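# Coordinate inspection notes
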Amino acid sequence: MNAAVLEVRDLRTHFGAAKAVDGVSFSVARGEVLGLVGESGSGKSVTGFSIIGLVDPPGTIVGGQIVFDGRDITHSSREEMRALRGRRMAMIFQDPMMTLNPVLRIDTQMIEAVQAHENVSRADARARARDALGMVGIPSPDERLRAYPHQFSGGMRQRVVIAIALLHRPDFIIADEPTTALDVTIQAQILAEMQELVAQNNTSLIWITHDLAVVSRLADRIAVMYAGRIVESGSVSDVLGSPWHPYTAGLIGSVPSRNRRGERLHQIPGMTPNVARLPTGCAFAPRCARADAMCAQAVPLFTAGMREHRCVHPLPEFRK
Amino acid sequence: MSVDTLPPQLPTDAERGEEPPFRILMRAFFRSPVAVAGLVLLAAIVLLALLAPFIAPQNPYDLNQLDIMDSRLPPGSQSMAGMTYWLGTDDQGRDMLSGIIYGLRISLGVGVSSALFAALFGASLGLLAAYIGGRTETAIMRIVDLQLSFPSILVALMILAFLGKGILNVVLALVIVEWATYARAARGTALTERRKEYMEAAESLAIPRWRILFVHLLPNCLPPLIVIATVQVARAISLEATLSFLGLGVPITEPSLGLLVANGYQYMLSGMTWISFYPGVALLITVVAINLVGDRLRDVLNPRGRE
Amino acid sequence: MTAAIVRRLFQAAMVMFAMTVIVFIAVNVIGDPVDILISPDADQIERARVVQALGLDLPLWQQYLRFLQAALHGDLGQSYVYNEPALGVILQRLPATLELAVSAILIAIVVGVPLGLYAGLRPDGIVSRIIMTVSILGFSLPTFWVGLVLIMLFGVQLGWLPSGGRGQTAELFGVQWAFLTKDGLAHLILPSFNLALFDACLILRLTRAGVAEVLPLDYIKFARAKGLKETRVIGIHVSKNIMIPVVTIVGLEFGSIVAFSVVTESVFSWPGMGKLIIDSINVLDRPIITAYLMAIVAFFVIINLVVDLTYTALDPRVRLQGEGS
């Protein structure tokens with residue numbers, strides 16, 4: 001792996017008292033696929049929006065650094081960030097039904113994306129848009145360009161969105177659960193296509209999801225988030241094969257699997273914590289069977305080779 | 001939304017308590033200082049109107065008390081008898097302050113009574129439409145739609161053109177203008193309420209229809225109707241003033257605020273602005289106070305009506 | 001699509017027909033016009049002659065049929081006061097009302113949309129709060145009272161603008177218009193602002209609510225994620241979505257503005273249809289009242305039709321439904 005295209009160091013994005021993201025660090029190498037996993041409310045989407053500089057008010061980045069291609073962009077001006085967004089970094093959203101503007105035609109929405117960053121004629125921009133649609137497998141793209149979003153199916157819309165994200169061959173793409181809203185068959189198709197496209201372009205991919213199955217197919221590395229922090233990270237095979245953090249283990253245990261047919265599905269007791277009232281220590285402690293007094297204190301980051309975790313009572317004995 | 005939603009701050013059990021809903025509503029209402037100010041203002045205005053004979057320096061309807069020599073005096077002038085006209089006098093030598101206090105009575109009276117009758121009439125029809133359904137519903141709602149597609153001022157103008165001036169005619173015109181709003185709202189809420197379980201329970205118990213309608217359905221449709229009624233009172237007062245200003249409203253002998261404004265209109269260009277200005281201010285304060293209260297009521301009673 | 005238009009046209013015709021009945025019955029409830037038209041000295045024969053000439057001696061339903069037949073030929077009776085065809089009298093006043101209403105709606109849009117956008121984009125700013133508070137006032141204030149204050153302030157105290165009348169007019173397409181002359185334009189300013197106030201506030205609040213609703217949506221965020229300039233995000237992506245309700249309201253409110261011009265025209269002595277109808281009501285000039293009502297109903301029906309069609313043109317989703325059915 002070569003140098004990191006994106007490095008996030010101790011990122012803190014707070015919404016007033018709610019610490020949605022509170023000390024997240026990770027890096028993504030060129031061409032690498034990182035799976036950012038967590039339940040809803042764990043801060044994974046906010047992390048994504050923080051990176052591209054689109055956190056909704058009242059949220060603000062209160063600390064940490066985002067280093068893109070060797071340059072700290074945490075405090076870049078709005079115009080600098082705008083020039084990066086869509087050209088060198090792109091984002092794909094969860095619900096393709098909501099991502100495209102319903103009252104604008106597809107060509108309008110694609111041409112403007114080209115012209116936002118390059119001084120090209122409308123005709124050239126249109127040709128680029130058409131090629132991009134062809135690339136993501138949309139039949140008769142010339143015709144489809146003149147359509148409105150509501151004339152597409154969900155899967156087709158997500159393909160359009162992916163085509164828009166790929167227009168400028170960005171350095172990395174943040175994909176925020178882009179297949180969750182789709183049918184399972186479409187989901188698999190899009191996953192495969194996406195994998196191929198980023199491999200072709202050597203684009204890095206941050207795949208935000210709660211679905212471990214997707215991550216295991218797609219990602220090189222995985223980072224598990226809980227209550228605004230990354231509790232464990234490492235290669236997919238390591239982390240999913242032998243999780244160290246009890247939360248990761250709990251997540252894996254709650255995935256239905258063919259091998260354990262007939263068994264009761266494991267579930268993590270309790271509820272996700274309120275990020276406005278987090279404890280000093282491990283946020284997972286109240287739900288954790290292994291917790292004791294030590295967990296009430298601030299948990300340092302433990303590093304072992306390429307793997308990291310935040311747990312004072314890790315699970316070395318857990319083996320499949 | 002793809003952004004992770006933060007868990008909402010639910011009230012704790014202690015906060016929620018066992019308080020009756022009315023108390024909770026009151027507490028929510030009083031949390032807005034602007035609304036409380038509006039309520040205090042409104043209470044003062046209502047008191048002023050109710051107690052007019054005891055508060056006003058003069059009885060403006062009693063021609064014996066008026067002195068034509070005192071006509072069109074600016075605010076703060078002394079009368080021949082030594083009394084001070086704080087807001088000046090009009091062209092008949094009437095004390096404007098007294099005229100305004102008595103005018104408030106007419107304006108409030110017309111506004112409240114028309115809203116009340118319109119609410120009774122409109123809400124009953126709306127409930128009936130929702131409850132009976134079928135052709136009755138279609139017919140009622142067609143009329144409502146037709147009525148609402150015309151501006152209130154136009155409808156009121158025409159009715160008064162046909163009926164002539166007079167307080168009762170004005171009230172009648174306002175009722176005809178307003179009932180449709182209530183009917184639509186009542187039908188809307190009744191339709192949602194009907195689907196709820198308590199209605200099914202009432203129907204399965206074979207309770208008489210009229211009883212279901214008035215004892216079970218009506219009380220549950222009240223909150224949105226109350227909100228509408230508040231706003232409609234303000235609208236009615238405003239509309240009455242407009243009609244009176246146009247010379248189609250209340251008779252000249254017992255002027256409402258709008259008519260007081262109209263009476264001063266002709267003197268305004270010659271610089272005697274107070275005759276029109278102060279009744280207008282009184283009208284404005286009244287309408288704004290009611291709207292402030294109504295706005296807050298809507299927020300408190302009907303949270304989904306707000307963005 | 002065509003079927004929908006035909007259906008709407010049929011509905012419109014039905015409303016017009018219903019209104020002729022209502023209007024006719026209602027107008028004939030007003031007191032006896034004979035008393036007004038004929039001097040008390042006139043003898044019995046003279047009275048009878050007038051009554052017969054006006055057809056007032058026929059049964060109501062016959063009078064109605066005569067009325068309906070004539071109305072279909074554009075004849076809504078002879079004004080008792082002006083002694084001219086009522087429709088003609090109304091139509092003479094139409095340009096004055098029209099230019100007042102159009103300038104009012106333009107002012108309402110030009111003032112309301114940008115301020116609403118601003119308040120929607122910066123919901124917590126002090127300026128936005130001031131804008132919203134003032135707009136509540138604008139809702140509460142009765143039109144006639146605002147008109148008086150405008151006259152008091154700009155006409156009497158400051159003396160900047162004329163406080164009544166239409167001023168000089170100039171001809172365009174064979175019609176006299178005030179907005180073509182400097183003097184006429186000066187006369188137009190106060191009344192059109194007066195008339196615009198309510199709708200400016202309405203459009204403002206609608207725009208703001210629209211912005212507040214659209215801004216957090218994913219497609220706006222995605223537009224930003226594409227790296228679009230903020231001017232394009234607001235100017236195209238946000239605006240095009242909020243234009244749909246705004247256009248609807250502008251269309252529907254145009255009728256309302258014409259109706260409320262009754263008040264403004266009375267305050268500013270603007271010689272339009274509104275002032276005419278008030279004067280006519282006061283002297284019970286029945287044909288004028290009838291003609292005004294019919295004209296305004298026709299006007300409303302046309303406006304509703306146009307709004308529907310514009311709406312279809314603006315929102316591709318509605319268009320598709322129309323094609324499907």
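In this text the structure is predicted, and so the values were computed from the model without any measurement.

Attention now goes to the overall build of chain B. A tally of regular secondary structure across chain B gives twelve helices and two strands. Counting helices and strands in the order they occur from the N terminus, chain B gives α-α-α-α-β-β-α-α-α-α-α-α-α-α. Taken across its 307 residues, chain B has 50% of its residues classed as buried. Sequence-distant contacts in chain B: of pairs separated by 6 or more residues, those separated by 24 or more amount to 68%. Approximately 14800 Å² of chain B is accessible, and the part contributed by carbon and sulfur atoms is 65%.

Residues and elements named next belong to chain A. With respect to topology, four strands assemble into an open sheet ordered 2-1-4-5, the strand pairing being antiparallel. On the outer flanks of this sheet lie strand 2 (18–29) and strand 5 (71–72), each paired with one strand and no other. As paired elements, strand 1 (residues 4–15) and strand 4 (residues 59–68) share eight bridges and run antiparallel to each other. By the bridge assignment, L6 is partnered in strand 4 with F68. Contacts from helix 1 (residues 44–51) reach strand 1, strand 2 and strand 4, with the element oriented near 115° to strand 1.

Within the element layout of this structure, S266(C) appears in helix 10 (residues 230–267). Judged by its relative accessible area of 19%, S266(C) falls in the buried class. Separated by 122 residues in sequence, S266(C) and F144(C) place their C-alpha atoms 8.5 Å apart. Contacts of S266(C), omitting those with residues within four sequence positions, involve L246(B), Y265(B), S261(C) and I278(C).

Attention now moves to helix 1 of chain A. Residues and elements named next belong to chain A. Across the eight residues that make up helix 1, a large majority, eight, are buried. Taken together, the buried positions of helix 1 are occupied by K44, S45, V46, T47, G48, F49, S50 and I51. Where helix 1 terminates, the next one or two residues include G53, which has phi positive at roughly 75°.

Attention now moves to the packing of helix 5 (residues 86–121) of chain C against helix 8 (residues 182–214) of chain C. Residues and elements named next belong to chain C. In contact at an axis separation of 6 Å, helix 5 and helix 8 are set at 35° when each is read in the N-to-C sense. The two elements helix 5 and helix 8 cross, and the hand of that crossing is right-handed. Residue composition of the contact of helix 5 with helix 8, by class: 21 nonpolar, six polar and three charged.

Residue-level contacts link 38 residues of chain B with 41 residues of chain C. Counting across the chain B and chain C interface gives zero salt bridges. For the side of chain B that touches chain C, the secondary-structure elements that each account for two or more residues are helix 7 (152–163), helix 10 (209–245), helix 11 (257–268) and helix 12 (274–301) of chain B. Here the element with the most residues in the side of chain B that touches chain C is helix 12 of chain B; it accounts for ten residues. Residues that form the side of chain B that touches chain C fall into these classes: 25 nonpolar, eleven polar and two charged.

Further remarks concern the packing of aromatic side chains. Across all of its chains, the model carries eleven aromatic pairs over all chains by this definition. Considering the side-chain rings of F68(A) and F172(A), the 5.6 Å spacing of their centres and the 70° angle between planes classify their relative orientation as edge-to-face. One end of the pair, F68(A), is in strand 4; the other, F172(A), is in strand 7 (residues 172–176), with 104 residues separating them in the sequence. Here F93(A) and F222(C) contribute two aromatic rings whose centre-to-centre distance is 5.8 Å and whose plane-to-plane angle is 75°, an arrangement assigned as edge-to-face.

All names here are of chain A. As summarised here, the arrangement of the eight strands in space is 6-7-8-3-9-10-12-11, forming an open sheet in which the pairing is mixed. The outermost strands of the open sheet, each flanked by one partner alone, are strand 6 (89–92) and strand 11 (302–304). Each adjacent strand pair in this sheet contributes to an overall mean axis angle of 15°, direction not counted. Bridge count between strand 10 (residues 229–235) and strand 12 (residues 307–309): two bridges; the pairing is antiparallel. Its bridge partner lying in strand 12, S233 is registered against E308. Taken strand by strand, helix 11 (residues 246–253) contacts strand 3 (33–37), strand 9 (221–226) and strand 10, and its axis lies near 105° from that of strand 9.

To continue, consider the confidence of the model for chain A. Mean pLDDT over chain A: 83, with 95% of residues reaching 70 or higher. Mean pLDDT per element in chain A: strand 11 of chain A is the minimum at 79, and strand 6 of chain A is the maximum at 90.

This next bit is on the environment of V5(A). Residue and element names in this part refer to chain A. Its location among the elements puts V5 in strand 1. For V5, a relative accessible area of 1% translates into the label buried. Sequence spacing of V5 and R30 is 25 residues, and the spatial spacing of their C-alpha atoms is 5.4 Å. Contact partners of V5, with chain neighbours within four places excluded, come to V28, A29, R30, V67, F68, D69, D171 and S204.

Taking 1.5 Å per residue, 38 residues should reach 56 Å; helix 10 of chain C reaches only 44 Å between its end C-alpha atoms and comes up short. Along helix 10 of chain C, the sharpest kink reaches roughly 45°, centred on S239(C).

With that settled, the discussion passes to the side chain of N291(B). You can see N291(B) is positioned in helix 12. The class of N291(B) is buried, set by a relative accessible area of 16%. What N291(B) contacts, discounting residues up to four positions off in sequence, is V231(B), A234(B) and S140(C).

As a further point, take the pairing of strand 1 of chain A. Looking along a regular strand, one sees the side chains alternate between the two faces of the sheet. Where strand 1 of chain A lies against strand 2 of chain A, eight bridges are found, and the strand directions are antiparallel. Each residue of the ladder has a partner; that of T13(A), found in strand 2 of chain A, is V21(A).

Residue and element names in this part refer to chain A. The sheet contact formed by strand 4 and strand 5 spans two bridges and is antiparallel. Bridged to F68 within strand 5 is R71. Counting the residues in the hairpin turn of strand 4 and strand 5 gives two residues, including D69, whose phi is positive at 50°.

All names here are of chain A. In this structure, D69 takes a positive phi of about 50° despite not being glycine. With respect to the helices, strands and loops of the structure, D69 is situated in the loop between strand 4 and strand 5. Positioned with a positive phi, E177 is a non-glycine residue whose angle comes to about 45°. Relative to the elements of secondary structure, E177 occurs in the loop between strand 7 and helix 8 (184–201). On the basis of relative accessible area, E177 is assigned to the buried category, the value being 6%.

To continue, consider the nonpolar core. Formed by 138 residues in total, the largest nonpolar core has its most connected members in L157(B), F144(C) and Y292(C). If one sorts the elements of this core by residue count, helix 10 of chain C sits on top with 13 residues. Excluding its chain neighbours within four sequence positions, the residues that come into contact with L157(B) are L243(B), L246(B), L248(B), V262(C), I278(C) and I281(C). Residues F26(A), L191(A), I222(A) and Y247(A) belong to the second largest nonpolar core, which totals 98 residues.

We now examine the environment of F154(C). All names here are of chain C. Along the polypeptide, F154 turns up in helix 7 (residues 143–157). Separated by 88 residues in the primary sequence, F154 and I242 place their C-alpha atoms 35 Å from one another. For F154, the contacting residues outside a window of four places in its chain are G159, W160, L161 and L190.

Summarising the element assignment, E253(C) is placed in helix 10. When neighbours within four sequence positions are excluded, E253(C) is seen to be in contact with I105(C), F198(C), D199(C) and L202(C).

This next bit is on a nonpolar patch on the surface. Residues and elements named next belong to chain B. Taken together, the side chains of V46, L47, L48, L50, L51, F54 and I55 present a nonpolar region at the surface, about 650 Å² in accessible area. Mapped onto the nonpolar patch, the elements with two or more residues apiece are helix 3 (33–50) and helix 4 (52–55). The leading source of residues in the nonpolar patch is helix 3, at four residues. Along the chain, F54 falls in helix 4.

What counts as what
- Residues numbered from 1 in each chain as written.
- Chains lettered and ligands numbered in written order.
- Predicted model: local features only at pLDDT ≥ 70, side-chain atom pairs only at ≥ 80, totals over all residues.
- Heavy atoms only, no water.
- Helix = DSSP H or I, 4+ residues; strand = E, 2+ residues; numbered from the N terminus.
- Buried < 20%, exposed > 50% of the residue type's maximum accessible area, 1.4 Å probe, protein only.
- Contact = heavy atoms within 4.5 Å.
- Areas by Shrake-Rupley, 256 points an atom, 1.4 Å probe, with all protein chains shown as cover.
- Pairing = 2+ DSSP bridges.
- Axes fitted to C-alpha atoms, helices over the stretch in contact; angles between N-to-C directions.
- Left-handed = near helix turned anticlockwise from the far one by under 90°.
- Nonpolar A, V, L, I, M, F, W, Y, C, P; charged D, E, K, R; others polar.
- Salt bridge = Lys/Arg side-chain N within 4 Å of Asp/Glu carboxyl O.
- Phe/Tyr/Trp six-rings, centres within 6.5 Å; stacked < 30°, edge-to-face > 60°.
- pLDDT = per-residue confidence, 0-100.
- Expected span 1.5 Å × (residues − 1).
- Bend = angle between axes of the 7 residues up to and from the residue.
- Core = buried A, V, L, I, M, F, W, Y, C linked by side-chain atoms within 4.5 Å.
- Patch = residues over 30% accessible without salt bridge, like charges linked within 9 Å, V, L, I, M, F, W, Y side chains within 5 Å.

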